[in-house]
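One-letter residues, chain by chain:
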Amino acid sequence: MKNNLQIYNTLSRKKETFEPSNPPFVGLYACGPTVYGDAHLGHARQAITFDLLYRVLSHLGYKVRYVRNITDVGHLENDADEGEDKIGKKARLEQLEPMEVVQRFMNAYHKNMRELGVLSPSIEPRASGHIIEQQELVTKIIDAGYGYEVNGSVYFDVAKYSEKHAYGKLSGRKTDDLLANTRNLKTQSEKKSPLDFALWKKAGPEHIMQWPSEWSKGFPGWHLECSAMSAKYLGETIDIHGGGMDLLFPHHECEIAQNVAGYGKEKVRYWMHNNMITINGQKMGRSLGNFITLDQLFTGDHQLLKKSFDPMTIRFFILQAHYRSTLDFSNDAIAASEKGLHRLHNAIRILNKIEADKNGVVNAAELQEKCEAAMKDDLNTPLMISTLYDGVRMINSLHEKRIKTDVENLDLLKKIYTTYVYDILGLTPESSGRSDSAITEQLIGYVLRLRQAAKERKDYETSDQIRDTLQKMGVVIKDRKDGFDWEIG
RNA sequence: GGUCGGUUUGCCGAGUGGCUAGGCGCUGGUCUGCAAAACCAGUUACAGCGGUUCGAAUCCGCUACCGACCUCCA
């Protein structure tokens, strides 16, 4: 299968032609959220980026197994392997079971993803459900000589690993530099070196979530889950691994080390990283407290928001920038996307009303080629969208009969917009934004007031016509002495 | 401090050597009983300095500024 899909590989720092190891099958893994808070704009970008990739690969005919994990244990608060578990802390603060916290925010995450048109992954594994697999990997790493146990905790020996392997090759770091820049932790560390990271941590009494193991009652290190779960579901070497750029170091670097040490194989063939969303030029992040959650965007309930925005507007806003560029949030920028998206959808609506003419002149094939080329060039959605706007101008000109199209080109145009706007970009058609039933309610009330007015001026022809027409629609009118009532029966 | 990336027209944002990206805004126009909407057209910028080249936003060097990672973060 020759598709010429170019993707930027963080490992080589250049675009490469994508060739899966076992076509037509593709294994795709993307790091999902740690579910201890509401999803924000940054989570949306990560999810939409890899949703887009999933859709593109499927469009190109690949059979994709897309694994996106949920981190529900092992992700510590701060300072290398010394802090409190994020979810455990939230549970303690709110007096909930950790799994209640997980369930609540996982449900919220799923709801947000559905709203954004993000397809469900093929498999969505959770760290807490793969403790055995993670322990097995720890054992493998110890057996290979790259892990050591201290007081019931197990750490990865980065110095040992660096003798034969390049720790830091993904993020472009050298262990010497890392060592020179490591802060001296005040606390006495069990680790041989500050660069070493936890594979298994012995749980203190404050840790609610803990599991038995041959080393101690404890919990897995954060980096471990992605290594173990990706290997379980996608094999020891996977085609594409993605995530946010902020995970590059240390998370992905550690994943590589764990896999190479444990399985003796290179972990990932293509690494892909989406860039951050900024706000006032600064990264939007939980730790900086400058984030806007997706629910806040959808409701407008945030002091920085001038109005609410539809989920599809957010999706379009994100897709209007390339996934490897930073994207700056502002009310004006999203409002611009909102209007632009409306114009795009409007053109698609118009497209279905256009009639073909034998003497057509439009060239839809060129449009299609451009869209396909942009898509295959490292998912260049902004370029693809600009091409779709060239088509919008074409559609409007057809609508106003300034130019004509034959039936072949008309059909191709329809196919282009269905394929690229709906299937690939995942921008589902606009809804009115209000519930249909609310509008129906108001509409019937309005029509009946017109009928009432007709009756009052004794225009019974009109009033009877309205009554009969509504009755045929199933609306039963109940005239009363002082007005009217109705129901849909 | 180390590593990496960025600086594009009023705003957002593509673009790796010659050919107007695009969206929003703005200006003009078409349509319209009025208004709105819609549509069309115009709007030619690439941080600064130097270099390579017939030709640079695009390649090289220096300077300035901004950011990410180096501790949790999509």
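**Quick word on the packing of helix α13 (residues 364-376) against helix α15 (residues 407-424)**
Inference 1: In contact at an axis separation of 9 Å, α13 and α15 are set at 20° when each is read in the N-to-C sense. Comparing the axis directions of α13 and α15 gives the class roughly parallel. Seen from above, α13 lies across α15 with left-handed handedness. Facing A364, A365, L367, Q368, C371, E372 and M375 of α13, the residues of α15 in contact are N409, L412, L413, K415, I416, Y417, Y420 and I424.
Inference 2: Of the residues in the contact of α13 with α15, the class split is 11 nonpolar, 2 polar and 2 charged.

**Digging into the protein's contact with RNA strand B**
Inference 1: Inspection of the region around RNA strand B gives 56 residues, with H43, H75, K86, K283 and M284 positioned closest.
Inference 2: A share of 79% is what sugar and phosphate atoms reach among the atoms of RNA strand B within 4 Å of the protein.
Inference 3: Within the side chain of R173, a nitrogen or oxygen atom sits 2.8 Å from a sugar or linking oxygen of RNA strand B.
Inference 4: Within the side chain of S325, an N or O atom sits 2.9 Å from a phosphate oxygen of RNA strand B.
Inference 5: For the surface near RNA strand B, the class distribution of residues is 17 nonpolar, 24 polar and 15 charged.

**Let's talk about the pairing of strand β6 (residues 153-156)**
Inference 1: Residue alternation in β6 divides its side chains into two sets, S153 and Y155 and V154 and F156, and both sets are buried.
Inference 2: As defined by bridge partners, strand β5 (residues 147-150) adjoins β6 across 4 bridges and the pair is classed as antiparallel. The residue of β6 that forms the bridge with Y148 is Y155.
Inference 3: The loop that links β5 with its antiparallel partner β6 comprises 2 residues; one of these, N151, has a positive phi angle of about 50°.
Inference 4: One ladder, built from 3 bridges, connects β6 with strand β7 (residues 197-202); its direction is antiparallel. Bridge pairing links V154 to W200 in β7.

**A few points about unusual backbone geometry**
Inference 1: Along the chain, P23 connects to P24 via a cis peptide bond; the corresponding omega equals 5°.
Inference 2: Backbone geometry at D378 places phi at a positive 55°, although glycine is not the residue there.
Inference 3: Locating D378 in the fold gives a position in the loop between α13 and α14 (381-399).
Inference 4: Assessed through its relative accessible area of 0%, D378 is described here as buried.

**Details of the sheet that holds strand β10 (residues 268-274)**
Inference 1: Across the sheet, 4 strands lie side by side as β4-β3-β9-β10; this open sheet has parallel pairing. Both outer strands of the open sheet, β4 (63-68) and β10, are each paired with one neighbouring strand and no more. Put simply, the sheet's adjacent strands are angled 20° from each other on average, direction ignored.
Inference 2: Sheet analysis places strand β3 (residues 25-30) next to β4, joined by 6 bridges and oriented parallel. Bridge pairing in β4 places V26 opposite V64.
Inference 3: Each of β3, β4 and β9 (238-244) touches helix α8 (residues 222-234); the most contacted strand, β3, lies at about 160° to it.

**Observations regarding the packing of aromatic side chains**
Inference 1: Applying the stated criterion across every chain yields a total of 10 aromatic pairs.
Inference 2: Judged by centre distance (6.0 Å) and plane angle (40°), the rings of Y148 and Y155 are tilted.
Inference 3: Ring geometry for F156 and F197: centres 4.8 Å apart, planes at 10°, overall stacked. A residue pair is termed long-range when its members are at least 10 positions apart, and F156 in strand β6 and F197 in strand β7 qualify at 41 residues.
Inference 4: Taking the ring centre of Y323 as reference, the NZ or CZ of R324 above it sits at 6.0 Å.

Definitions and cut-offs
Counting of residues starts from 1 at the beginning of each chain's written sequence and follows it residue by residue. Chain letters start at A and ligand numbers start at 1, both assigned in the order the entries are written. Local features in this predicted model are restricted to residues of pLDDT 70 or higher, and side-chain atom pairs are both shown and tallied only at a pLDDT of 80 or more, whereas totals for entire chains, interfaces and linings draw on every residue. Processing note: side-chain calculations cover all non-hydrogen atoms of the structure and skip hydrogens and water entirely. Helix axes are fitted only over the stretch in contact, all axes being lines through C-alpha atoms; the angle between N-to-C directions runs from 0 to 180 degrees. Here a helix means four or more residues in a row that DSSP labels H or I, a strand means two or more in a row labelled E, and each is numbered from the N terminus. What sets the label is the angle itself: under 35 degrees gives roughly parallel, over 145 gives roughly antiparallel, 65 to 115 gives roughly perpendicular, and the rest give oblique. Crossings are sorted by hand: turned counterclockwise from the far helix by less than a right angle, the near helix makes the crossing left-handed, and turned clockwise it makes it right-handed. Whether two residues touch is decided by their heavy atoms; if any such pair falls within 4.5 Å, the residues are in contact. For this classification, the nonpolar set comprises Ala, Val, Leu, Ile, Met, Phe, Trp, Tyr, Cys and Pro, the charged set comprises Asp, Glu, Lys and Arg, and every other residue, Gly included, is treated as polar. Residues are labelled near a given molecule or strand when at least one of their non-hydrogen atoms is within 4 Å of it. Polar contacts, as counted here, are pairs of nitrogen or oxygen atoms within 3.5 Å of one another; within protein the pair requires one atom able to donate a hydrogen and one able to accept it, and residues that are adjacent in sequence qualify only if both atoms are side-chain atoms. A simple rule labels every residue: compare its accessible area, found with a 1.4 Å probe on the protein chains alone, to the largest value its type can have, and call it buried under 20%, exposed over 50%, or partly exposed in between. At least two bridges found by DSSP between two strands are what make those strands a pair. A pair of Phe, Tyr and Trp rings is counted when the ring centres sit within 6.5 Å of each other, with Trp represented by its six-membered ring. The angle between the planes then sorts it: under 30 degrees is stacked, over 60 is edge-to-face, the rest tilted. Note on geometry: a ring has a charge over it if NZ (lysine) or CZ (arginine) is within 6 Å of the ring centre and within 35 degrees of the ring normal.

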